[in-house]
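Here's the letter readout for the chains.
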Amino acid sequence: MKNRIFYFNILRRTYLYTKRQTKKILGLNDTPHSIGLGVAIGMFIAFTPTAPFQMTLAFIFAWLFKANKTAAIVPTWITNPVTNAPIFFGQYLTGAYLFQYPRVDKETFAKYSQQVMDFTLWEPVNLFHQIISLIKMTWSDIGQPLVIGSLIWSTVLGIAFYFITLKIVIKRREAKLNKLMDLELSNKKKECGLQCVET
């Protein structure tokens with residue numbers, strides 16, 4: 001019961017934090033294309049099995065493609081210790097189904113997912129050996145279908161969220177501009193009314 005409450009709280013906090021950051025992304029002082037491309041890069045990387053390095057990768061690719069770096073980093077928080085296993089398992093099933101790989105059970109997959117989360121990020125030599133060891137253990141039965149499935153999910157979501165973000169940012173800016181124009185027009189009418197009263 002305690003574990004369920006703990007994970008529920010993580011999901012809730014992740015949702016609330018992502019919601020706040022989404023508003024910040026849409027209001028960034030950058031071109032709609034740069035913001036949209038940043039979100040697309042972030043979504044693409046978020047749905048690849050690169051969990052410990054996603055923020056770094058998002059920053060690098062955003063810099064390479066001249067996209068907004070903040071917009072690229074925030075979406076990577078979608079994948080976290082709670083959401084990693086179900087997301088990656090869904091991607092694994094996608095790859096296994098499309099290319100007819102034999103499937104492993106959920107427990108085995110969860111065990112490998114936990115190994116990823118237990119990587120010693122601050123010990124480069126040990127981290128390298130952990131990654132190589134995990135790849136050797138899982139590549140034939142999990143690695144290949146997972147990579148294929150993740151690339152399918154990442155590509156579809158990245159492209160979709162580029163256009164979604166682009167449209168929302170443009171609409172928000174148009175609405176803001178219209179609001180400012182209406183306010184300016186309203187002020188001019190008030191000024192005109194005062195002048196008419198004075199005359």
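See above for the structure.
The rules behind these values
The residue numbering used here restarts from 1 in each chain and proceeds along that chain's sequence as written. Side-chain atom pairs in this predicted model are given and counted only at pLDDT of 80 or more, local residue features only at pLDDT of at least 70, and totals for whole chains, interfaces and linings cover all residues. Side-chain calculation: all heavy atoms of the structure are included, whereas hydrogens and water are not. Only buried residues count toward a nonpolar core, which is a set of Ala, Val, Leu, Ile, Met, Phe, Trp, Tyr and Cys residues joined through side-chain atoms within 4.5 Å. Burial status follows relative accessibility: with a 1.4 Å probe on protein chains alone, a residue under 20% of its type maximum counts as buried, one over 50% as exposed, and anything between as partly exposed. Secondary structure elements follow DSSP: runs of H or I of four or more residues count as helices, runs of E of two or more count as strands, with numbering from the N terminus. When checking whether two residues touch, look at their non-hydrogen atoms; a contact exists if any pair is within 4.5 Å. Read the arc as the range of directions from the helix axis to the C-beta atoms. Polar contacts, as used here, are pairs of N or O atoms within 3.5 Å; protein pairs need one atom able to donate a hydrogen and one able to accept it. Residues neighboring in sequence count only if both atoms are side-chain atoms. Between 30 and 60 degrees the pair is tilted, below 30 it is stacked and above 60 it is edge-to-face, where a pair is any two Phe, Tyr or Trp rings, Trp via its six-membered ring, whose centres lie within 6.5 Å. Each residue after the first adds 1.5 Å to the expected span of a helix. Convention adopted: a line fitted to C-alpha atoms gives each axis, helices being fitted over their contacting stretch, and angles between N-to-C directions are expressed from 0 to 180 degrees. Crossings are assigned a handedness: left-handed for a near helix turned anticlockwise from the far helix by less than a right angle, right-handed for a clockwise turn. When residue character is reported, Ala, Val, Leu, Ile, Met, Phe, Trp, Tyr, Cys and Pro are called nonpolar, Asp, Glu, Lys and Arg charged, and the others, Gly included, polar.

Glancing now at the nonpolar core. With 24 residues, the main nonpolar core has I25, I35, A71, Y92, F109, I142 and L146 as its most contacted residues. Counting only elements with at least two residues in this core, the list comes to α1 (2-26), α2 (32-46), α5 (84-98), α6 (106-117) and α7 (124-198). Not counting chain neighbours up to four residues away, the residues in contact with L146 comprise P49, F88, Q91, Y92 and F109. Formed by eleven residues, the second largest nonpolar core is a distinct cluster that contains A58, A67, A72 and Y162.

Inspection of helix α3 (residues 54-64) places Q54, A58 and A62 among the buried residues, and these make up the whole buried set. For α3, the angular spread of buried residues about the axis comes to 65°, placing them on one side. For α3, exposure combined with an orientation more than 90 degrees from the buried face picks out W63 and L64. Contacts made by the buried residues of α3 are with α2 and α4 (69-73). Phi turns positive, to about 55°, at K66, one or two residues after α3.

The next point concerns the side chain of T48. Position of T48 relative to the elements: it lies in the loop between α2 and α3. On the basis of relative accessibility, which here comes to 9%, the residue T48 falls in the buried class. A polar contact of 2.6 Å, which involves the side chain of T48, links it to the backbone oxygen of I45. With near-sequence residues (within four places) excluded, T48 lies in contact with Q54, F88, S150 and S154.

For the rest of this paragraph, the subject is the packing of aromatic side chains. Summed over the entire model, instances satisfying the criterion amount to four aromatic pairs. Ring geometry for F47 and W153: centres 6.3 Å apart, planes at 45°, overall tilted. Of this pair, F47 sits in the loop between α2 and α3 while W153 sits in helix α7, and the two are 106 residues apart along the sequence. Under the relative-accessibility criterion, F47 is labelled buried at 8%. Ring centres of Y162 and F163 lie 5.0 Å apart, and the angle between their planes is 80°; on these two criteria the pair is classed as edge-to-face. Judged by its relative accessible area of 17%, Y162 falls in the buried class.

Here the focus is α5. With 15 residues, α5 should reach 21 Å at 1.5 Å per residue; the first-to-last C-alpha distance of 21 Å fits that figure. Along α5, the residues that are buried comprise N84, I87, F88, F89, G90, Q91, Y92, G95 and A96. Trailing α5 by a residue or two, Q100 shows a phi angle of about 55°, which is positive.

Our focus in this paragraph is the packing of α2 against α3. Close contact between α2 and α3 brings their axes to 9 Å; oriented N to C, the two are set at 145°. Every pair of crossing elements has a handedness; the one defined by α2 and α3 is right-handed. From α2, I41, I45 and A46 reach across to α3, where they touch Q54, L57, A58, F61 and A62. For the contact of α2 with α3, a count of residues per class yields seven nonpolar, one polar and no charged.

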